[in-house]
Amino acid sequence: MSSKSAMDMVKEAKALIENLSPARVQEEMTSGDTVLIDLREGEELERDGKIESSVHAPRGMLEFYADAALPYHKPEFDKTKRIILHCAGGGRSALAVQTLKMMGFDNVAHMEGGFKAWKEAGLPTV
Ligand SMILES: O=S(=O)([O-])[S-]
């Protein structure tokens with residue numbers, strides 16, 4: 001079996017998913033019915049800050065947070081809502097979009113470039 005690098009997997013994922021600019025994410029957030037999920041680790045949020053309206057759900061638990069049949073389920077993982085994922089640089093979130101799609105989330109996208117791109121665009125953090 002041939003093996004793939006992490007970056008091969010991210011590249012393949014990005015070709016199949018919705019990649020949103022930080023400006024587009026901000027725009028969608030003002031519409032009210034969009035959930036922004038931050039997949040970074042707690043230490044990253046403490047060190048670098050966060051986007052105010054985001055919900056923290058570290059990627060390691062993603063499948064368990066997203067599965068409504070499990071006690072770990074987080075209500076923000078709602079298949080009827082628009083969900084946008086972000087991480088630090090857009091790699092983890094691209095892979096996570098694919099995972100959520102496999103789990104039946106149809107309206108899910110990620111922020112290209114992640115929190116770094118959001119900050120570089122001069123958008124607000126807390
Ligand atoms: O997954 S990452 O792009 O934040 S390193």
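Rules used in this analysis
- Residues numbered from 1 in each chain as written.
- Predicted model: local features only at pLDDT ≥ 70, side-chain atom pairs only at ≥ 80, totals over all residues.
- Heavy atoms only, no water.
- Axes fitted to C-alpha atoms, helices over the stretch in contact; angles between N-to-C directions.
- Helix = DSSP H or I, 4+ residues; strand = E, 2+ residues; numbered from the N terminus.
- Parallel < 35°, antiparallel > 145°, perpendicular 65-115°, else oblique.
- Left-handed = near helix turned anticlockwise from the far one by under 90°.
- Contact = heavy atoms within 4.5 Å.
- Expected span 1.5 Å × (residues − 1).
- Buried < 20%, exposed > 50% of the residue type's maximum accessible area, 1.4 Å probe, protein only.
- UniProt positions renumbered as here; feature names shortened; annotations may be inferred.
- Pairing = 2+ DSSP bridges.
- Phe/Tyr/Trp six-rings, centres within 6.5 Å; stacked < 30°, edge-to-face > 60°.
- Lys NZ or Arg CZ within 6 Å of the ring centre and 35° of its normal.
- Polar contact = N/O pair within 3.5 Å; in protein donor to acceptor, adjacent residues only side chain to side chain.

Visitor: Report on the packing of helix α1 (residues 6-14) against helix α5 (residues 91-102), specifying residues and quantitative values.
Guide: Remark: α1 packs on α5, axes separated minimally by 9 Å, with the N-to-C direction vectors making an angle of 60°. In this view, α1 runs oblique relative to α5, as classed from their interaxial angle. Considering only the axes of α1 and α5, their crossing is left-handed. Taken together, the residues of α5 that come into contact with α1 (itself represented by M9, V10, A13 and K14) are G91, A94, L95 and Q98.

Visitor: Give me α5: which residues, what numbers.
Guide: The end-to-end C-alpha distance of α5, which contains 12 residues, comes to 17 Å, matching closely the 16 Å that a straight helix rising 1.5 Å per residue would cover. Buried residues of α5: S93, A94, L95, A96, V97, T99 and L100, and no others. Along its buried surface, α5 packs onto α1, α4 (62-66), β4 (82-86) and β5 (108-111). Positive phi appears at G104, one or two residues downstream of α5, with a value of about 95°.

Visitor: How would you sum up the UniProt feature "domain: Rhodanese" (unreviewed entry) in the chain? Please name residues and give values.
Guide: With numbering matched to this structure, UniProt assigns "domain: Rhodanese" (unreviewed entry) to residues 30-126. A distance of 17 Å separates the end C-alpha atoms of residues 30-126, which is 33% helix and 16% strand.

Visitor: Account for the pairing of strand β2 (residues 34-38), naming residues and giving values.
Guide: Counting buried positions over the five residues of β2 gives five, a clear majority of the element. Where burial is concerned, the two faces of β2 agree: the one with T34, L36 and D38 and the one with V35 and I37 are both buried. As paired strands, β2 and strand β3 (residues 55-56) are joined by two bridges and run parallel to one another. The partner of D38 across the bridge, within β3, is H56.

Visitor: Would you mind going over the packing of aromatic side chains in detail, with residue names and values included?
Guide: For the structure shown, the criterion picks out three aromatic pairs. Summarising the aromatic geometry, the rings of F64 and Y72 are spaced 6.3 Å apart at their centres and angled 80° between planes, so their arrangement reads as edge-to-face. For F64, a relative accessible area of 39% corresponds to the partly exposed category. For Y72, a relative accessible area of 49% corresponds to the partly exposed category. Here the aromatic rings of F77 and F105 are separated by 6.5 Å at their centres, their planes lie at 85°, and the arrangement is edge-to-face. With a gap of 28 residues between them, F77 in the loop between α4 and β4 and F105 in the loop between α5 and β5 connect regions that are remote in the sequence. This pair shows no difference in class: F77 is buried, exactly as F105 is. Clustering of aromatic rings is evident, with ring pairs tying together Y65, F77 and F105. In this structure, K74 is placed above the aromatic ring of Y65, and the distance from its NZ or CZ to the ring centre is 4.9 Å. A cation over a ring is seen here: K79 above F105, with NZ or CZ 5.4 Å from the ring centre.

Visitor: I'd like to hear about the side chain of E44, residue by residue, with values.
Guide: In this structure, E44 sits in helix α3 (residues 42-48). Separated by 2.8 Å, the side chain of E44 and the backbone nitrogen of E41 make a polar contact. Among the polar contacts listed, one links the side chain of E44 to the side chain of R92, at a separation of 2.9 Å. Not counting residues within four places of it along the chain, the set of residues in contact with E44 comprises G49, A88 and R92.

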